[in-house]
Amino acid sequence: MIQFQRVAHLREYLQTGKSDKKVIGFVPTMGALHKGHVSLAERSNEVCDITVVSIFVNPKQFNDPEDLRKYPRPLASDLAMLTEAGVDVVFIPDVEDIYPPGENFTLDFNPGPLAETLEGEFRPGHFEGMAEVVYRLLTIVQPEKLFMGQKDFQQLAIVRKMITELQMPILLEMCPIIREPNGLAMSSRNERLSPEARSKAAIIYATLIESEILFEEGVPAVEIKAQAMKSLTNDVFSPEYFEIVDGVTLQPVNSFEDSQYVVALCAIRVEAIRLIDNAIWTRKE
Ligand code: AMP
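Bear in mind that the values here come from a model prediction, so they are computed numbers and not experimental data. (Residues numbered from 1 in each chain as written. Predicted model: local features only at pLDDT ≥ 70, side-chain atom pairs only at ≥ 80, totals over all residues. Heavy atoms only, no water.)

(A) Examining the site of the ligand more closely. The environment of the ligand is made up of 16 residues, and the closest members are Met30, Gly149, Asp152, Ile178 and Met186. Between the ligand and methionine 30, the relevant distance is 2.9 Å, taken from an oxygen atom to a main-chain nitrogen or oxygen of the residue. One of the backbone N or O atoms of methionine 186 is found 2.9 Å from a nitrogen atom in the ligand. Taken by itself the ligand offers 490 Å² of open surface, and the protein chains cover 93% of this. The set of elements that each furnish at least two residues to the shell around the ligand consists of strand 2 (24-29), helix 2 (35-47) and strand 5 (145-149). With three residues, helix 2 is the single largest residue contributor to the shell around the ligand. Considering only residue class, the shell around the ligand consists of nine nonpolar, five polar and two charged. (Near = heavy atom within 4 Å. Polar contact = N/O pair within 3.5 Å; in protein donor to acceptor, adjacent residues only side chain to side chain. Areas by Shrake-Rupley, 256 points an atom, 1.4 Å probe, with all protein chains shown as cover. Helix = DSSP H or I, 4+ residues; strand = E, 2+ residues; numbered from the N terminus. Nonpolar A, V, L, I, M, F, W, Y, C, P; charged D, E, K, R; others polar.)

(B) Representation of the packing of aromatic side chains. By the definition in use, this model includes eight aromatic pairs. Between phenylalanine 4 and tyrosine 13 the ring centres are 5.4 Å apart and the planes differ by 45°, which places this aromatic pair in the tilted class. By relative accessible area, phenylalanine 4 is classed as buried at 12%. Overall, tyrosine 13 belongs to the partly exposed group, its relative accessible area being 31%. One aromatic cluster is present, formed by Phe215, Phe256 and Trp281 through successive ring pairs. (Phe/Tyr/Trp six-rings, centres within 6.5 Å; stacked < 30°, edge-to-face > 60°. Buried < 20%, exposed > 50% of the residue type's maximum accessible area, 1.4 Å probe, protein only.)

(C) Region of interest: the environment of threonine 106. Of note, threonine 106 is situated in the loop between helix 5 (95-98) and helix 6 (119-122). The sequence separation of threonine 106 and glutamate 132 amounts to 26 residues, and the corresponding C-alpha distance is 8.4 Å.

(D) Inspection of the nonpolar core at higher detail. Ranked by size, the top nonpolar core spans 44 residues in total, and within it Leu10, Val52, Ile98, Leu138, Val141 and Leu146 carry the most contacts. At nine residues, the largest contribution of residues to this core is made by helix 7 (residues 126-141). The residues touching valine 141, leaving out its near neighbours within four places in the chain, are Leu10, Leu14, Lys18, Ile24, Phe26 and Val52. Core analysis: the next-biggest nonpolar cluster, separate from the first, contains 26 residues, Leu208, Ala221, Phe237 and Val253 among them. (Core = buried A, V, L, I, M, F, W, Y, C linked by side-chain atoms within 4.5 Å. Contact = heavy atoms within 4.5 Å.)

(E) Representation of helix 2. In this model, helix 2 (13 residues) spans 19 Å end to end at C-alpha, consistent with the 18 Å of a helix rising 1.5 Å per residue. Listing the buried residues of helix 2 in full gives Gly36, His37, Val38, Ser39, Leu40, Ala41 and Ser44. Residues of helix 2 that are buried make contact with strand 2, strand 3 (50-55), helix 4 (75-84), strand 5 and strand 6 (171-175). (Expected span 1.5 Å × (residues − 1).)

(F) Local environment of helix 1 (residues 7-19). In this model, helix 1 (13 residues) spans 18 Å end to end at C-alpha, consistent with the 18 Å of a helix rising 1.5 Å per residue. Looking at helix 1, one finds that the buried residues are Leu10, Leu14 and Gly17. Angular distribution of buried residues about the axis of helix 1 spans 45°; they occupy a single face of the element. Seen from the open side of helix 1, the exposed residues pointing more than 90 degrees away from its buried face are Ala8, Glu12 and Ser19. For helix 1, the elements touching its buried residues are strand 1 (2-4), strand 2, strand 3, strand 4 (89-91) and helix 7. Of the residues trailing helix 1, lysine 21 is marked for its positive phi of about 60°. (Arc of directions from axis to C-beta.)

Spelled out as structure tokens, the structure:
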């Protein structure tokens, strides 16, 4: 695995690959890697010639300075995992490599209503910061394929809109959520949970599954949401939202009559950490 910090060095390396008609796959991450991240890299390895993984904790997408400060940065174990996964290139820029001082740049993309709902209500500015860093990374790496996790469904919806509107020649592939044995979606933030909260967090996935059954039975979405918010509330958990939406517009739906692509998304505060999860629901024939 080759490691780069400087944009110019990475580009020079990838240019050779491009001249040899190699297909470049890209997996942007913020590090503190787990099996979820690795699954994206493995998928890229499967269908691309060169897999590039970036590790960059993007300050612009943190609306909470404490969350940014506490974000784990276990670089040595990240590098070991990526080597083990057979990744070709890891790009670990500094903040100045991505945001050169004195540079004057504004991204000509507005995520619009997609960024105002769900996470957007609780993390002002988060998606604008995310879109900008993904745009900058895509411009640097210029991959043919981009791999992102369903785990961050709203993020992916916004990146998809950006790629389409800016006509970037990139195929975006959504990879499934990798979960811990108890159903908790893997996340770099899980490490900060107490063992008790981590075990109790099994309720999140269980609630998504129970809610899907109710939705299939035709129970009105408002009732399902209210019930889900209740089961996600206990001495350590406090849910921020549980919403049932169309997977493209992210606007609320009531039943499969409203949308064929239904997604339930939730965010829960646990021990000052936010956990997010979601499930795509399809009508069973
Ligand atoms: P992050 O490092 O949190 O920015 O995540 C980098 C990428 O990994 C994003 O595309 C995430 O959606 C994806 N990802 C994070 N957690 C998981 C998971 N449990 N399963 C699959 N993909 C994930």
